[in-house]
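These are the residues of each chain, in order.
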Amino acid sequence: MRARELGVPLTGDPGRWNAITDVPGVEVGYVTLCEGDDVRTGVTALLPRGRDGVGIPCSAGWHSFNGNGEMTGTAWIEESGSLAVPVVITNTYAVGPVHRGVVEWVRANRRDMAPEWLLPVVTETWDGHLNDIHGAAVEPRHAEDAIEAASSGPVEEGCVGGGTGMRCYGFKGGSGTASRMVEYGEDRYTVGAFVQANFGARRELVVAGVPVGSELPVGPEPASDGERQVPPGAGSVIVVVATDAPLLPGQCKALARRATLGLARTGTTGSHFSGDIFLAFSTANEGALTSTFPEDDGSATYESMRFVPWGRMDPFYGAVVESVEEAVLNVLTGAHSMTGRAGHHVPALPLDRVSELLAARGVVA
């Protein structure tokens, strides 16, 4: 079930699939690993221009709301304002093999792209409660498989891909997405968000402005075999924002910053123990940010970019906030209960109880 199917009132005009894939060209692929008692993890690949468009830069910017996490390749995004590789999300200790997997996929499929070096964008959240994160379940081939699996259209949500073993607000978390349409003069653009949600304390959860978290059962699971409890709110959240609106790199960075406000609408106050890192890109201005070794022929070239004036950015900011909020709620309504490592169990959000609490406040009928 998605949040809208539950009757949650949400503002804004979603796209056809209410997903990041409503942005033309964007594709999402998953590899989900659920094996035995201890493996609950996976890999998610987001391709800004699809497989055929890997290597064609997008204008891009990133933001760290809380830096207790990892996103590789951000130094180059900051330097060049561009993104030309898949964005791949996994668990914290799988960043290395996934990074290698992206390199191998590019070598096999795009030998013309930066044959001398490559700076993949791989990011993570921690799934060590349900998953044996110290194990070697995620291999380079899984990153390659996730890229190959990427497609447009509706996006599966909940316990899939890199989000397989995640928790959100004390309930089962994972992968989620949403989108908004933005009218701009005679043009119509899409803003889409994808989240890997593994953050928030249960008491903080807010749905459609109603603080439901304090009314939901707590029931903390005792530590097993002397294992330390992870503080409430610890974890991480990765947000990827995409749009086909023509934007400068600095404007993409501004979109990434607004993801913070979308998360805040769901109640989080931003735990010190949560790595909250956001990336935004624009698929417009194709080719304008392409950079290659200069030819030794004395020639000089120029590029130009079309972009929305800074003073007209507010509708796009609003679309990010709305999309991120709904994407998180779609994680919670779409995920199922899961038992994993050491018998740890994480319940799904009790949808009937949430509906009752919203109805008591007159939010839903």
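The present account deals with the structure reproduced in this document. (Residues numbered from 1 in each chain as written. Predicted model: local features only at pLDDT ≥ 70, side-chain atom pairs only at ≥ 80, totals over all residues. Heavy atoms only, no water.)

1. Focus: the environment of arginine 202
Relative to the helices and strands, arginine 202 is located in the loop between β10 (187-200) and β11 (233-243). Between the alpha carbons of arginine 202 and arginine 40 there is a distance of 22 Å; along the sequence they are 162 residues apart. Filtering out sequence-adjacent residues up to four positions away, arginine 202 remains in contact with Tyr169, Gly170, Phe171, Gly213, Ser214, Pro217, Val218 and Pro347. Of note is the side chain of arginine 202, whose polar atom sits 2.3 Å from the backbone oxygen of proline 217. (Helix = DSSP H or I, 4+ residues; strand = E, 2+ residues; numbered from the N terminus. Contact = heavy atoms within 4.5 Å. Polar contact = N/O pair within 3.5 Å; in protein donor to acceptor, adjacent residues only side chain to side chain.)

2. Some thoughts on the pairing of β11
With 11 of 11 residues buried, β11 is to be regarded as a mostly interior element. In terms of strand pairing, β10 meets β11 through nine bridges, oriented antiparallel. Paired with alanine 193 across the two strands is valine 241, which belongs to β11. (Buried < 20%, exposed > 50% of the residue type's maximum accessible area, 1.4 Å probe, protein only. Pairing = 2+ DSSP bridges.)

3. As for the packing of helix α4 (residues 249-265) against helix α5 (residues 314-334)
The contact between α4 and α5 brings their axes to 7 Å, and the two run at 45 degrees. Comparing their axes, α5 and α4 come out oblique. Relative to α5, α4 is oriented so that their crossing is right-handed. Within the contact between the two elements, α4 uses Ala254, Leu255, Arg258, Ala259, Leu261, Gly262, Leu263 and Arg265 and α5 uses Phe316, Tyr317, Val320, Val321, Glu322, Val324, Glu325 and Val328. Residues that form the contact of α4 with α5 fall into these classes: 11 nonpolar, one polar and four charged. (Axes fitted to C-alpha atoms, helices over the stretch in contact; angles between N-to-C directions. Parallel < 35°, antiparallel > 145°, perpendicular 65-115°, else oblique. Left-handed = near helix turned anticlockwise from the far one by under 90°. Nonpolar A, V, L, I, M, F, W, Y, C, P; charged D, E, K, R; others polar.)

4. Quick notes on the packing of helix α2 (residues 95-109) against helix α3 (residues 140-149)
Between α2 and α3, the shortest axis-to-axis distance is 7 Å and the interhelical angle comes to 55 degrees. By the angle between their axes, α2 is oblique relative to α3. You can see that α2 and α3 cross each other, and the crossing is right-handed. Note on element contacts: α3 touches α2 through Pro140, Ala143, Glu144, Ile147 and Glu148, opposite Pro97, Val98, Arg100, Gly101, Val102, Glu104, Trp105 and Asn109. In terms of residue class, the contact of α2 with α3 is built from seven nonpolar, two polar and four charged.

5. So, unusual backbone geometry
Comment: phi is negative for the bulk of residues other than glycine, and the bulk of peptide bonds are trans. The phi dihedral of tyrosine 169 is positive, around 55 degrees, even though this residue is not glycine. In this structure, tyrosine 169 sits in the loop between β7 (167-168) and β8 (171-172). A residue is classified by how much of its surface remains accessible, and tyrosine 169, at 0% relative accessible area, is buried. Positive phi values are uncommon outside glycine, yet asparagine 285 reaches one of about 55 degrees. With respect to the helices, strands and loops of the structure, asparagine 285 is situated in the loop between β12 (274-282) and α5.

6. Focus: the state of the cysteines
For the structure shown, the criterion picks out zero disulfides. Not engaged in a disulfide, the cysteine cysteine 34 finds its nearest cysteine sulfur in cysteine 159; these two sulfurs lie 7.8 Å apart. Distance from the sulfur of cysteine 168, which forms no disulfide, to the nearest cysteine sulfur (cysteine 159) is 11 Å. What makes cysteine 168 buried here is its relative accessible area of 0%. (Disulfide = S-S within 2.5 Å.)

7. Describing the pattern of salt bridges
Counted by the stated rule, this structure contains 16 salt bridges. Put simply, arginine 4 and glutamate 326 hold a salt bridge, and the shortest N to O gap is 2.7 Å. With a gap of 322 residues between them, arginine 4 in the segment before β1 (27-35) and glutamate 326 in helix α5 connect regions that are remote in the sequence. The partly exposed category is assigned to arginine 4, whose relative accessible area is 32%. Measuring nitrogen to oxygen at the nearest pair gives 3.9 Å for the salt bridge that ties arginine 49 to glutamate 286. Here arginine 49 is found in the loop between β2 (39-47) and β3 (58-67), whereas its partner glutamate 286 is found in the loop between β12 and α5, with 237 residues between them in sequence. Residue classification places glutamate 286 among the exposed positions, given a relative accessible area of 56%. Linked through salt bridges whose partners overlap, the residues forming this network are Arg4, Arg180, Glu322 and Glu326. (Salt bridge = Lys/Arg side-chain N within 4 Å of Asp/Glu carboxyl O.)

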